[in-house]
Amino acid sequence: MSQRNEHANALVELWEIVLRYRWRFVLPAFIICALVLGVSLLLPRTYKAVGIFERRTDMVLTEMTNRRGATQSFQNPRDSINEEITGAPAINHLLKQIEPKLTELGLIHNRLDLDILREDLLRRVVVHWDISNSQIDRIRIEYIGADPQLSSLAVNGLIENYMRNAKDQMTARLAESAAFFKSEAQRSKAAIEELEAQVLDFEIEHGELLPENPNNIQTRLVDAQEKLAEITAARDAAATRVDALTRALKDVPETVPTLIQSKNPERARLVELRHKSQDQLNERLNVQKMTGSHPEVIALREQIDTLEEQIAGLPEEVITEKQYQVNPRRGELQLQLTTAISEQQALTQQAAAHQRELDKINAAIENMFAIRSTHRKLTRQQEEAQRQLAFWEDNLRQVEMATAAESGKRGIEMTFVQPASPNLRPVSPNFAQVVMAALGLGLMAGGLAVFLAYRTDETFAHGEQLTSQFNIPLFGTVSELITRRHRHVRRIRRMILYPTNALAMAAVIIAIAAALYVDLEKPHAADNNTTTPATSGE
């Protein structure tokens, strides 16, 4: 537990030291980082060009060598191919070819530049064997030069010269031995074309009966059966709906009575009589000043109560007239019935039409098997012709390889898999490595500056340091005594000056890093930005 506390205290003390001497850490780190990035902008660039080609040896030659008990294949040894590609004769021949182009591009100016380039090519052209066996060699040529166009010209030129020389040798010795099998192969091709024309005409004429056709007759038969079943179900549903509407129409009367109502005259008479009795009661009470116990008042009140009971027992309206009109529900049912009958008739006609089409398909299916048998026969003849063509072509390759072997030369096939293209992105210096080196050196410089500042600082930051150094008792500590003006200046520095300096340093580092990134990783963008103003000025 005490060891953990010691580690925690050490980390806290280290953090306090870094905060105390933060600007002695930031300034050297900034200067070293900016210096490394700036120097990287001035370093010379090198560009890498890569070209890949393949050399294939036919299996016939390998079988021939195995039958003869040979231990070495027809593939050239690596040292021999390396010499043919990157040797002094190949380099000299390449320079003779590309010298006018290099002079036009301004890459060489005199014989000394040409000699320097020759030595650089002899030293830096590298041959890598990606695949190497008795049948195939995949060879990769790499060259790192000071110009991307020069690198691609050199790699492509070396590969093309080597392939051209090998092809010239092969063409000369294979022309005479391949005439017979070429003629047989041409005859087989003509037969294949004729059979393909017959198969095409047959498929055009009977395409719907062939299984390869996605819309063949069997598919059409299934679709027609499904469609007929859907229409039959819809027709039956329409017939059921017609029957249901017919039964419903029988239950609906043609006319319906209409009742005309008006106010009840007896009730109106009783209401009028109640109003008159109420007026008489008011006159007895208000005008004649009779008391509530007067016989006339009591009689009027009883009369009013009786009238109200009679009024409450009578309806407000009574039927005064009864008329008969056409039933609208019957008209709706008749319209629905007419629509359902029409739909049933249309579905019946559609079902009949689909049934006729289904009968035609069933009649055509009777000839389907004979037509498919004829198509298979034509297909087998076509496949047999293909096998004959493969046989003659295989014999042609065997004769070509045998002739090459008898003449003491190699029967190989050259393929330029990947020509080298001008790569404007340099391989050196590397942007990631430069940034890592700048950050690493900057951090090292800042850490060294903090270490030196801490080791040379003889002041005491805490009272505990003073007591431990001189072994004297500590009675108390007093905070720093500063004026209001100094406190204001410190606040301005902390809130304005220090952030401004940090932003300026970060902006400088980012600007230099961005320029370096564009120069190393996005050279196309840099070229476009530099050529656009010149073009607009012209």
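Basis of the calculations
- Residues numbered from 1 in each chain as written.
- Predicted model: local features only at pLDDT ≥ 70, side-chain atom pairs only at ≥ 80, totals over all residues.
- Heavy atoms only, no water.
- Helix = DSSP H or I, 4+ residues; strand = E, 2+ residues; numbered from the N terminus.
- Buried < 20%, exposed > 50% of the residue type's maximum accessible area, 1.4 Å probe, protein only.
- Contact = heavy atoms within 4.5 Å.
- Patch = residues over 30% accessible without salt bridge, like charges linked within 9 Å, V, L, I, M, F, W, Y side chains within 5 Å.
- Areas by Shrake-Rupley, 256 points an atom, 1.4 Å probe, with all protein chains shown as cover.
- Salt bridge = Lys/Arg side-chain N within 4 Å of Asp/Glu carboxyl O.
- Lys, Arg positive; Asp, Glu negative; His and termini not counted.
- Charge placed at Lys NZ, Arg CZ, Asp CG, Glu CD.
- pLDDT = per-residue confidence, 0-100.
- Axes fitted to C-alpha atoms, helices over the stretch in contact; angles between N-to-C directions.
- Parallel < 35°, antiparallel > 145°, perpendicular 65-115°, else oblique.
- Left-handed = near helix turned anticlockwise from the far one by under 90°.
- Nonpolar A, V, L, I, M, F, W, Y, C, P; charged D, E, K, R; others polar.
- Phe/Tyr/Trp six-rings, centres within 6.5 Å; stacked < 30°, edge-to-face > 60°.
- Arc of directions from axis to C-beta.
- Pairing = 2+ DSSP bridges.
- Polar contact = N/O pair within 3.5 Å; in protein donor to acceptor, adjacent residues only side chain to side chain.
- Core = buried A, V, L, I, M, F, W, Y, C linked by side-chain atoms within 4.5 Å.

A few words now on the overall build of the chain. Secondary structure summary: the chain contains 17 helices and 6 strands in total. Expressed as a percentage of its 538 residues, the buried residues of the chain come to 29%. Across the chain, the fraction of contacts at a sequence separation of at least 24, relative to all contacts at a separation of at least 6, is 82%.

On the surface, E302, D305, E308 and E309 cluster together into a negatively charged patch. Position of D305 relative to the elements: it lies in helix α11 (residues 295–313).

Let us now look at the side chain of T46. Turning to its location among the elements, T46 is positioned in the loop between α2 (22–42) and β1 (47–57). If we ignore the near neighbours within four places in the chain, the residues touching T46 are R124, I144, G145, P426, V427 and S428.

The predicted coordinates should not be examined in detail at positions where pLDDT is low. Per-residue confidence for the chain gives a mean pLDDT of 76; residues scoring 70 or more make up 76%. Taken together, the stretch residues 64–75 has pLDDT below 50 and engages in 21 contacts with residues farther than four places along the chain or on a different chain.

Right, let's get into the environment of A351. As for its placement among the helices and strands, A351 is situated in helix α12 (residues 328–365). A relative accessible area of 5% means that A351 is categorised as buried. In the structure, A351 is positioned 120 residues away from I231 in sequence and 6.0 Å away in space, judged by C-alpha atoms. When residues no more than four places from it in sequence are discounted, the contact partners of A351 are L228, I231 and R235.

At their nearest, the axes of helix α10 (residues 265–287) and α11 sit 9 Å apart, and the two run at 160° to each other. If you check the angle between α10 and α11, you find them roughly antiparallel. Here the hand of the crossing between α10 and α11 comes out left-handed. Here α10 contributes R267, L270, V271, L273, R274, S277, Q278, Q280, L281, R284 and L285 to the contact with α11, which in turn contributes E296, V297, L300, R301, Q303, I304, L307, E308, Q310 and I311. Within the contact of α10 with α11, the residues separate by chemical class into 10 nonpolar, 5 polar and 6 charged.

This next bit is on the environment of E384. Tracing the backbone through its elements, the reader meets E384 in helix α13 (residues 368–406). Taking the C-alpha atoms as reference points, E384 and I192, 192 residues apart in sequence, are found 9.1 Å from one another.

Per the counting criterion, the structure on display carries 2 aromatic pairs. Here the aromatic rings of F53 and Y162 are separated by 5.6 Å at their centres, their planes lie at 55°, and the arrangement is tilted. Residue F53 is located in strand β1, and its partner Y162 is located in helix α7 (residues 148–174); the two are separated by 109 residues in the primary sequence. Of the residues examined, F53 reaches a relative accessible area of 0% and is grouped as buried. The exposure class of Y162 is buried, given its relative accessible area of 6%. Seen from their ring centres, F431 and Y517 are 5.2 Å apart, and the 70° between their planes marks the pair as edge-to-face. Linking F431 in helix α14 (residues 431–456) with Y517 in helix α16 (residues 484–520), this pair joins segments that are 86 residues apart in sequence. With relative accessibility at 18%, the residue F431 sits in the buried group.

For the rest of this paragraph, the subject is a nonpolar patch on the surface. A grouping of L35, V39 and L43 is seen on the molecular surface, where their side chains present a nonpolar patch of about 250 Å² in accessible area. As for its placement among the helices and strands, L35 is situated in helix α2.

Let us look at helix α4 (residues 78–86). Taken residue by residue, α4 has I81, I85 and T86 as its buried positions. Across the axial projection of α4, the buried residues extend over an arc of 105°, all falling on one side.

For the rest of this paragraph, the subject is the pairing of strand β2 (residues 126–132). Of the pairings in the sheet, the one linking β2 to strand β3 (residues 136–145) comprises 6 bridges and is antiparallel in character. In the sheet register, S132 faces β3, and the bridge partner there is D137. Adjacent in sequence and paired antiparallel, β2 and β3 are bridged by 3 residues.

The next thing to look at is the side chain of N161. When you line up the elements, N161 lands in helix α7. Of note is the side chain of N161, whose polar atom sits 2.8 Å from the side chain of R164.

Turning our eyes to something else, we now look at the nonpolar core. If you look at the biggest cluster of nonpolar residues, it comprises 30 residues, and the most contacted ones within it are F53, L117, L121 and I141. Those elements that place two or more of their residues in this core are β1, α4, α5 (88–105), α6 (111–124), β2, β3 and α7. Here the element with the most residues in this core is α7; it accounts for 8 residues. Setting aside chain neighbours within four positions, we find L117 in contact with L95, L102, I108, Y143 and L150. Judged by nonpolar contacts, the second largest core, of 11 residues, contains C33, F431, I512 and L516.

The next point concerns the pattern of salt bridges. Opposite charge on two side chains permits pairing when their charged atoms draw close. Counted according to the given criterion, the structure contains 14 salt bridges. The salt bridge partner of R187 is E184, with a shortest N-O separation of 2.7 Å. Taken together, the residues R187 and E184, both in helix α8 (residues 179–205) and 3 residues apart, mark about one turn of the helix. Overlapping salt bridges bring together K48, D130, R140 and E142 as one network.

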